[in-house]
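Structural characterization, general
Chain by chain, the residues:
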Amino acid sequence: MDSITQHLLTKGFGQPSGLVGRLGGRLMAHGNAATERHVVALAAPTAQEVVLVLGPGPGVGLDAAARRSAHVIGVDPSDVMLAMARRRCAPAIARGRLRLSAGTAARTGEPDNSVEVVLSVNNLQLWPDVAAGLTELHRILRPGGRMLLAAHEKWLPTALPALAHTVLAAGFTSVRTWTWRPPTRMASTTALLSAARAHHTADGPPADEPPNAPEND
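Just so we're clear, the structure is a prediction, and the values are computed from it rather than from any experiment.

Considering the environment of Val72
By the element assignment, Val72 lies in strand β2 (residues 71-76). Between the C-alpha atoms of Val72 and Val115, which are 43 residues apart in sequence, the distance is 9.4 Å. Aside from chain neighbours lying at most four places away, what touches Val72 is Val51, Val53, Leu62, Ala65, Ala66, Arg97, Leu98 and Arg99.

Digging into the sheet that holds strand β1 (residues 50-54)
Strand order across the open sheet formed by seven strands is β3-β2-β1-β4-β5-β7-β6, with mixed pairing between neighbours. Either end of the sheet is taken by a strand with one partner, and the two such strands are β3 (98-102) and β6 (173-180). Going from strand to strand, the sheet's axes swing by 15° on average, the running direction of each strand aside. In the sheet, strand β4 (residues 115-121) pairs with strand β5 (residues 141-152) via six bridges, with the strands oriented parallel. Looking across to β5, one finds that Val118 is bridged to Met147. Contacts between helix α3 (residues 33-43) and the sheet are confined to β4, β5, β6 and β7 (190-196), with β4 contributing the most and set at about 155° to the helix. Against the sheet, helix α5 (residues 79-88) engages β2 and β3, with an angle of about 170° to β3.

As for the side chain of Thr190
With respect to the element layout, Thr190 can be found in strand β7. Overall, Thr190 belongs to the buried group, its relative accessible area being 0%. Sequence-distant contacts of Thr190, that is, excluding residues within four places in its chain, are made with Thr35, Ala150, Ala151, Glu153, Trp178, Thr179, Trp180 and Pro182.

Here we look at helix α7 (residues 130-140)
The set of residues buried in α7 consists of Val130, Gly133, Leu134, Glu136, Leu137, His138 and Ile140. On its buried face, α7 sits against β1, β4, β5 and α8 (160-169). For α7, the capping residue at the N-terminal end is Asp129, with a side-chain oxygen 3.2 Å from the backbone nitrogen of Ala131.

Comments concerning the pattern of salt bridges
Pairing is possible between side chains of opposite charge, provided their charged atoms come close. For the coordinates displayed, the defined rule picks out six salt bridges. Between Asp63 and Arg67 there is a salt bridge whose closest N-O contact spans 3.0 Å. With relative accessibility at 23%, the residue Asp63 sits in the partly exposed group. Arg67 sits in the exposed class, given a relative accessible area of 66%. A salt bridge links Arg99 to Glu110, with the nearest nitrogen and oxygen atoms 2.7 Å apart.

Observations concerning unusual backbone geometry
A positive phi is found at Ala44, a non-glycine position, where the angle reads about 45°. Relative to the elements of secondary structure, Ala44 occurs in the loop between α3 and β1.

Side note on empty space enclosed by the protein
Scanning the model with the defined rule gives one cavity of 30 Å³ or more in all. Considered as a void within the structure, the largest cavity measures approximately 40 Å³ in volume. Looking at the largest cavity, the residues that line it are Leu124, Leu149, Ala150, Ala151, Leu156, Leu160, Leu163, Ala191, Leu192 and Leu193. Among the secondary structure elements, those contributing two or more residues to the lining of the largest cavity are β5, α8 and β7. Grouping the constituent residues of the lining of the largest cavity by class yields 10 nonpolar, no polar and no charged.

What counts, and where the lines are drawn
- Residues numbered from 1 in each chain as written.
- Predicted model: local features only at pLDDT ≥ 70, side-chain atom pairs only at ≥ 80, totals over all residues.
- Heavy atoms only, no water.
- Helix = DSSP H or I, 4+ residues; strand = E, 2+ residues; numbered from the N terminus.
- Contact = heavy atoms within 4.5 Å.
- Pairing = 2+ DSSP bridges.
- Axes fitted to C-alpha atoms, helices over the stretch in contact; angles between N-to-C directions.
- Buried < 20%, exposed > 50% of the residue type's maximum accessible area, 1.4 Å probe, protein only.
- Polar contact = N/O pair within 3.5 Å; in protein donor to acceptor, adjacent residues only side chain to side chain.
- Salt bridge = Lys/Arg side-chain N within 4 Å of Asp/Glu carboxyl O.
- 1 Å grid on protein atoms, 1.4 Å probe; cavity = no way out; pocket = protein on both sides within 12 Å on 5 of 7 lines; lining within 4 Å.
- Points joined across faces, edges and corners; volume = space filled by probe spheres on them.
- Nonpolar A, V, L, I, M, F, W, Y, C, P; charged D, E, K, R; others polar.

Here's what the structure looks like:
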């Protein structure tokens, strides 16, 4: 890939900024919408659960999550994406159901054990250090909390089984993987991974609790 193409991809999708970043945000809002809403539906957060949406981009998934949960957090490294999400989700922000902050997978800025649900759509392939990101997400999840990751299968940084092993190595349990084809024109196959942070028990090691997710395809 030549340097100009790489620069445009970074400005549009990796670290969106400027006019190219705003264009990339509009493309993401259209192209990722079905997957964003599908992931929120699968996670099915309750009104009282704290939901962190990592890399929400222009905010389609944030808006869907804030319609279910009264405690949604959007964390994104891009000022352009945060501004777009702020505009899209202004009603939820005004009602106190949603807050936005700058951050990354490896540095969310959230306290330990503070979140019940973590969602990420089509940005896993952009994390500079996947293992560090997973360790951070495990840290902020409360025991019994759940994580759901989705990304274009063709853009995964590694094969889905290898990614599952990396998630297990970060301390997660109940790891499941499967694929899904969004019902939109020209959409590519989406790879999904669900996992949980184990419950702590009074008698010793954490107890494993499977998340509500389909079996592998």
